[in-house]
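Residues per chain are reported as follows:
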Amino acid sequence: MLTVKDLKVAVEDKTILNGINLEVKPGEVHAIMGPNGSGKSTFANVIAGREDYEVESGSVLYKGEDLLEMEVDERALAGIFMAFQYPVEIPGVSTSNFLKSIVNANREARGLEAMNAMQMLKYIREKIELVGMDEKFLRRSLNEGFSGGEKKRSEMLQMALLEPSLAILDETDSGLDIDALRIVSEAVNKLRTQDRSFIIVTHYQRLLNYIEPDFVHVLYKGRIVKSGDKSLALELEDKGYDWIKEEVDAVAV
Amino acid sequence: MSDSMQTLEQHTKSDYKYGFTSNIETDKLPKGLSEDVVRAISAKKNEPEWMTEWRLKAYRQFLEMTEPKWPNVDYPPVDLQDIIYYAAPKKKKKLNSLDEVDPELLDTFNKLGIPLDEQKMLAGVAVDAVIDSVSVKTTYKEKLAELGIIFCSFSEAVQEHPELIKKYIGSVVPANDNYFAALNSAVFSDGSFVYLPKGVKCPMELSTYFRINERDTGQFERTLIVAEEGSQVSYLEGCTAPMRDENQLHAAVVELVAMDDATIKYSTVQNWYPGDKEGKGGIYNFVTKRGLCKGVNSKITWTQVETGSAVTWKYPSCVLLGDNSVGEFYSVAVTNNRQQADTGTKMTHLGKNTRSTIISKGISAGHSHNSYRGLVKIGKKAENAHNFSVCDSLLMGDKCGAHTFPYLEVQNNTAKVEHEATTSKIGEDQLFYLMQRGLSEENAVNTIVNGFAKEVFNELPMEFAVEAQKLLAISLEGSVG
Ligand SMILES: Nc1ncnc2c1ncn2[C@@H]1O[C@H](COP(=O)(O)OP(=O)(O)OP(=O)(O)O)[C@@H](O)[C@H]1O
Ligand SMILES: [Mg+2]
């Protein structure tokens with residue numbers, strides 16, 4: 001699905017990702033953890049194609065294609081979805097119209113017929129139920145005035161609607177209350193299939209109780225410094241990051 | 001600067017799809033302006049003596065006036081002697097049915113998407129089409145006549161309803177109101193006239209399309225709408241012109257009069273040729289539009305979507321004379337490339353409990369300049385007047401400019417005036433977000449822009465709102481890479 005090799009990325013001449021290697025196979029769930037500022041969101045943004053970043057070296061293959069050559073919208077239409085850590089507000093754009101247009105844009109890219117209004121309504125209702133959102137959000141402007149948790153649910157709704165091949169969730173659990181966390185996790189679990197992969201960025205082991213990852217990686221100073229299975233997350237919960245930082249910093253000196 | 005901001009600035013091209021010229025035989029006066037030209041126009045139209053005199057008086061006043069310099073726009077002086085003041089499609093005899101209209105002309109209207117033929121009339125839009133100087137065809141007239149509604153060309157109204165024209169012409173915008181209004185009053189060639197008798201609610205949208213076709217011509221149309229007590233009307237005007245290298249002048253006057261409990265909704269989708277990327281050619285659009293809420297509880301709403309013209313100078317205004325009268329102004333003004341717009345409104349509160357709302361949305365791209373100029377004036381006797389203004393600017397790229405000039409004159413301390421203004425840039429964050437969901441850059445920009453302008457689009461009649469959205473997309477086409 002996704003093969004990242006020795007990826008180095010800079011922002012304004014400051015290197016932020018310093019040689020990332022990661023292999024995500026179809027159906028796998030990878031969790032990425034790591035202290036604040038270690039580069040998790042940067043990594044997610046680079047995969048999604050944000051332009052502020054300069055790729056200094058390395059390669060990223062997605063379904064066998066050079067991902068770094070693709071535009072943001074091309075990547076999206078090729079099945080990459082990113083749930084934003086901080087979803088932006090788009091004033092005046094009705095959520096329901098927006099959802100309709102993105103669903104149909106993605107269907108068109110997959111060679112499917114556009115849904116008519118009735119089909120769309122049914123489809124959106126189905127997914128709204130899945131992520132436990134209130135239908136009244138459909139009538140509001142996209143993300144405008146949504147609470148932190150509501151924004152995150154709106155991201156999950158969009159993911160459910162677009163049925164991506166690779167979903168990157170950047171701290172989707174932050175800001176969710178306990179019930180919402182459970183509902184969102186269940187939704188993600190329902191969307192898990194043999195061909196769909198997830199990269200889940202989180203600070204909390206708690207989420208991984210609900211969504212069991214196949215791998216857990218620790219990102220520190222722009223590098224994956226430790227990988228393991230879900231027990232690594234438990235260990236981090238227990239011990240914090242200091243022991244890893246010490247290990248890495250000792251080697252670096 | 002990041003790539004996406006750069007691409008936003010690449011206002012490579014914005015194809016003007018109405019830029020064709022039509023090969024229609026015309027009857028026109030030679031270039032130039034003089035009393036003789038004014039008389040000649042009047043004579044061509046077979047006008048009664050009083051009309052000729054009215055024009056001449058306006059012309060003499062015009063000679064004493066100078067071009068206003070206060071708008072925040074910059075253009076070389078207009079040579080009024082280099083303009084043709086009258087050009088009309090040649091006709092062999094009076095047109096009685098659609099079959100008699102020059103096929104080339106009909107073709108022009110088809111290209112403009114004007115629903116001139118019988119089938120499309122069923123869509124419920126009555127159309128008056130003004131090409132260069134004269135009104136060519138007014139559809140649906142008979143049906144409206146049954147209700148006592150008059151909807152005809154201005155010239156025809158001068159002949160058929162002289163008492164109404166005499167009474168109302170210049171009553172809202174006096175002939176000497178300003179330089180361009182005076183010019184218009186002297187040389188106006190045609191336009192539309194609408195009259196709603198007492199208590200009649202117009203059952204359909206009324207609409208006029210203005211088209212400048214001939215080279216070197218100016219267009220000087222006048223529109224007059226009179227709504228008697230308790231009547232209601234919604235009127236829409238659309239404008240286009242061919243692409244020409246030289247600038248062409250459009251100086252129109254619109255007067256609206258609303259009596260007790262009457263409502264007039266006047267919407268404009270202005271798409272005059274804006275000139276090319278370097279600012280060559282395009283229409284100078286210097287327009288005076290004013291509505292008088294004469295009666296109690298009357299209401300006038302101006303809605304405008306301004307995308308065209310090289311230079312725009314336009315302030316649709318309301319004089320709120322009747323107690324409890326309401327004035328509204330909803331505007332989206334888009335400037336791209338080298339376009340300049342100085343537009344806004346004047347709300348003059350004279351009656352008690354008068355209310356006004358101003359929603360102005362300016363969108364600037366390329367090297368363009370977009371200014372909002374608004375005056376809210378509360379007179380001594382306007383007890384409990386209330387104004388609410390919002391004026392938002394959206395910038396695309398950093399070579400364009402947005403300016404706001406709000407003026408406030410309050411002479412009654414019971415007035416309540418609220419003003420909000422924001423300026424924002426199309427955010428890279430927003431673009432990235434929308435594109436991450438699979439929308440193209442162009443589509444993402446349109447989504448953001450349409451969201452920004454939504455409050456104004458909501459005020460347009462449904463079918464025109466869709467058209468306006470498309471127009472906005474076309475105007476900003478090429479503004480992303
Ligand atoms: N556009 C930018 N300009 C300057 N610095 C940036 C930019 N984007 C990211 N950085 C810096 O890169 C580093 C990594 O940021 P990133 O957002 O990827 O961290 P993170 O691991 O997601 O942190 P958090 O856990 O707080 O979300 C930070 O030091 C951040 O300040
Ligand atoms: Mg982050």
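The model shown is predicted, which means the values in this text are computed figures rather than measured ones.

Q: Tell me about the nonpolar core, and name the residues and values.
A: In terms of nonpolar packing, the biggest core is built from 103 residues, with A:Leu2, A:Phe43, A:Ile47 and B:Ile363 touching the most fellow members. Not counting residues within four places of it along the chain, the set of residues in contact with A:Phe43 comprises A:Val4, A:Leu7, A:Leu17, A:Ile20, A:Leu22, A:Ile32 and A:Ile199. Counting residues in each nonpolar core, the second largest holds 53 residues, with B:Met51, B:Tyr59, B:Phe180 and B:Leu249 among its members.

Q: Break down the coordination of the magnesium ion (ligand 2) for me, with residues and values.
A: All names here are of chain A. Looking at the magnesium ion (ligand 2), one finds its protein donor set to be Ser41 (OG) and Gln85 (OE1), positioned 2.0 to 2.2 Å from the metal centre. With Ser41 in helix H1 (residues 40–48) and Gln85 in the loop between strand E6 (80–83) and strand E7 (90–94), this pair connects stretches of sequence that are 44 residues apart. For Gln85, a relative accessible area of 16% translates into the label buried.

Q: Run through the environment of A:Ala114, naming residues and quoting values.
A: Residue and element names in this part refer to chain A. Secondary-structure assignment places Ala114 in the loop between helix H3 (95–109) and helix H4 (117–131). Sequence separation between Ala114 and Val103 is eleven residues, and the spatial gap between their C-alpha atoms is 8.3 Å. If near-sequence neighbours (up to four positions away) are discounted, Ala114 is found in contact with Asn104, Arg107 and Gln119.

Q: Which residues make up the environment of A:Ser147, and what are the values?
A: All names here are of chain A. Within the secondary structure, Ser147 sits in the loop between strand E8 (141–142) and helix H5 (148–162). Judged by relative accessible area, Ser147 falls into the partly exposed class, the value being 35%. Sequence separation between Ser147 and Ala117 is 30 residues; the distance between their C-alpha atoms is 28 Å.

Q: Before we move on, could you go through the interface of chain B and chain A and cite the residues and values that matter?
A: Residue-level contacts link 21 residues of chain B with 31 residues of chain A. Each partner contributes to the roughly 2100 Å² buried at the junction of chain B and chain A, and carbon and sulfur atoms together form 63% of this total. Three residues stand out in chain B for area buried against chain A, namely B:Phe432, B:Tyr433 and B:Arg437, and they jointly supply 38% of the buried area on that side. Inspection of the region where chain B meets chain A yields two salt bridges. Measuring nitrogen to oxygen at the nearest pair gives 2.5 Å for the salt bridge that ties A:Arg50 to B:Asp429. Between chain B and chain A we count eleven residue pairs in polar contact (both at pLDDT 80 or more) in total. Counting residues per element, the side of chain B that touches chain A draws most heavily on helix H10 (residues 428–436) of chain B, at eight residues. Residues of the side of chain B that touches chain A, tallied by class, amount to seven nonpolar, eight polar and six charged.

Q: Explain the packing of H5(A) against helix H6 (residues 178–191) of chain A to me, using residue names and the numbers behind them.
A: Residue and element names in this part refer to chain A. It is the contact of H5 with H6, at a shortest axis distance of 11 Å, that shows an interaxial angle of 15 degrees. It follows from the interaxial angle that H5 and H6 lie roughly parallel. Note on packing geometry: the crossing formed by H5 with H6 is left-handed. Taking contact as the criterion, the partners of Arg153, Met156, Met159 and Ala160 in H5 are, on H6, Ala180, Ile183, Val184, Val188 and Leu191. Classifying every residue of the contact of H5 with H6 by side-chain character gives eight nonpolar, no polar and one charged.

Q: Which residues make up the sheet that holds strand E12 (residues 223–228) of chain A, and what values do they have?
A: Residue and element names in this part refer to chain A. In spatial order, the strands read E6-E9-E10-E3-E11-E12; together these six strands make up an open sheet with mixed pairing. The sheet is open, and its two edges are formed by E6 and E12, each paired on a single side. Across the sheet, the mean angle from the axis of one strand to that of its neighbour is 20 degrees, orientation sign disregarded. Strand direction decides the pairing type here: E6 and strand E9 (residues 166–170), joined by four bridges, are parallel. From the neighbouring strand, Met82 faces E9, where its bridge partner is Ile168.

Q: Tell me about the site of ligand 1, and please be specific about residues and values.
A: Residue and element names in this part refer to chain A. Around ligand 1, the structure places 15 residues, and the nearest of them are Gly37, Lys40, Ser41, Thr42 and His203. In the model, an oxygen atom of ligand 1 is placed 3.0 Å from a nitrogen or oxygen of the Gly39 main chain. Between ligand 1 and Thr42, the relevant distance is 2.5 Å, taken from an oxygen atom to a side-chain nitrogen or oxygen of the residue. Elements with a contribution of two residues or more to the shell around ligand 1: strand E2 (14–24) and H1. Counted by class, the shell around ligand 1 contains four nonpolar, eight polar and three charged residues.

Q: Report on the packing of helix H2 (residues 35–44) of chain B against helix H3 (residues 49–63) of chain B, specifying residues and quantitative values.
A: Residues and elements named next belong to chain B. Running from N to C, H2 and H3 point in directions that differ by 155 degrees, and their axes come no closer than 10 Å. Classed by the angle they form, the pair H2 and H3 counts as roughly antiparallel. The two elements H2 and H3 meet at a crossing, and its hand is right-handed. In this structure, H2 contributes Glu35, Val38, Arg39, Ile41 and Ser42 to the contact, and H3 contributes Thr52, Arg55, Leu56, Tyr59 and Arg60. Its residues placed into classes, the contact of H2 with H3 shows four nonpolar, two polar and four charged.

Q: Give a detailed account of the sheet that holds E2(A), specifying residues and quantitative values.
A: All names here are of chain A. The sheet built from four strands is open, its strands ordered E2-E1-E4-E5 with antiparallel pairing. Each having just a single partner strand, E2 and strand E5 (65–66) make up the two edges of the open sheet. The sheet contact formed by strand E4 (residues 54–62) and E5 spans two bridges and is antiparallel. When the sheet's bridge partners are listed, Leu61 is paired in E5 with Asp66. Strand contacts of H1: strand E1 (2–11), E2 and E4, with the helix running at about 110 degrees to E1, the strand carrying the most contacts.

Q: Can you lay out the packing of aromatic side chains for me, pointing to particular residues and giving the numbers?
A: Centre distance and the angle of the planes are the two values used to describe a pair of aromatic rings. As enumerated under the stated definition, the model contains 16 aromatic pairs over all chains in all. Taken together, a centroid distance of 5.0 Å and an interplanar angle of 65 degrees make the contact between A:Phe137 and A:Phe146 edge-to-face. Neither residue differs from the other here; A:Phe137 and A:Phe146 are each classed as buried. Note on B:Phe151 and B:Tyr235: the rings are 6.5 Å apart at their centroids and 90 degrees apart in plane angle, and the pair reads as edge-to-face.

Cut-off values and rules
- Residues numbered from 1 in each chain as written.
- Chains lettered and ligands numbered in written order.
- Predicted model: local features only at pLDDT ≥ 70, side-chain atom pairs only at ≥ 80, totals over all residues.
- Heavy atoms only, no water.
- Core = buried A, V, L, I, M, F, W, Y, C linked by side-chain atoms within 4.5 Å.
- Buried < 20%, exposed > 50% of the residue type's maximum accessible area, 1.4 Å probe, protein only.
- Contact = heavy atoms within 4.5 Å.
- Donors = N, O, S within 2.8 Å, 3.2 Å for Na, K, Ca; no water.
- Helix = DSSP H or I, 4+ residues; strand = E, 2+ residues; numbered from the N terminus.
- Buried area = accessible area lost by both parts, 1.4 Å probe.
- Salt bridge = Lys/Arg side-chain N within 4 Å of Asp/Glu carboxyl O.
- Polar contact = N/O pair within 3.5 Å; in protein donor to acceptor, adjacent residues only side chain to side chain.
- Nonpolar A, V, L, I, M, F, W, Y, C, P; charged D, E, K, R; others polar.
- Axes fitted to C-alpha atoms, helices over the stretch in contact; angles between N-to-C directions.
- Parallel < 35°, antiparallel > 145°, perpendicular 65-115°, else oblique.
- Left-handed = near helix turned anticlockwise from the far one by under 90°.
- Pairing = 2+ DSSP bridges.
- Near = heavy atom within 4 Å.
- Phe/Tyr/Trp six-rings, centres within 6.5 Å; stacked < 30°, edge-to-face > 60°.

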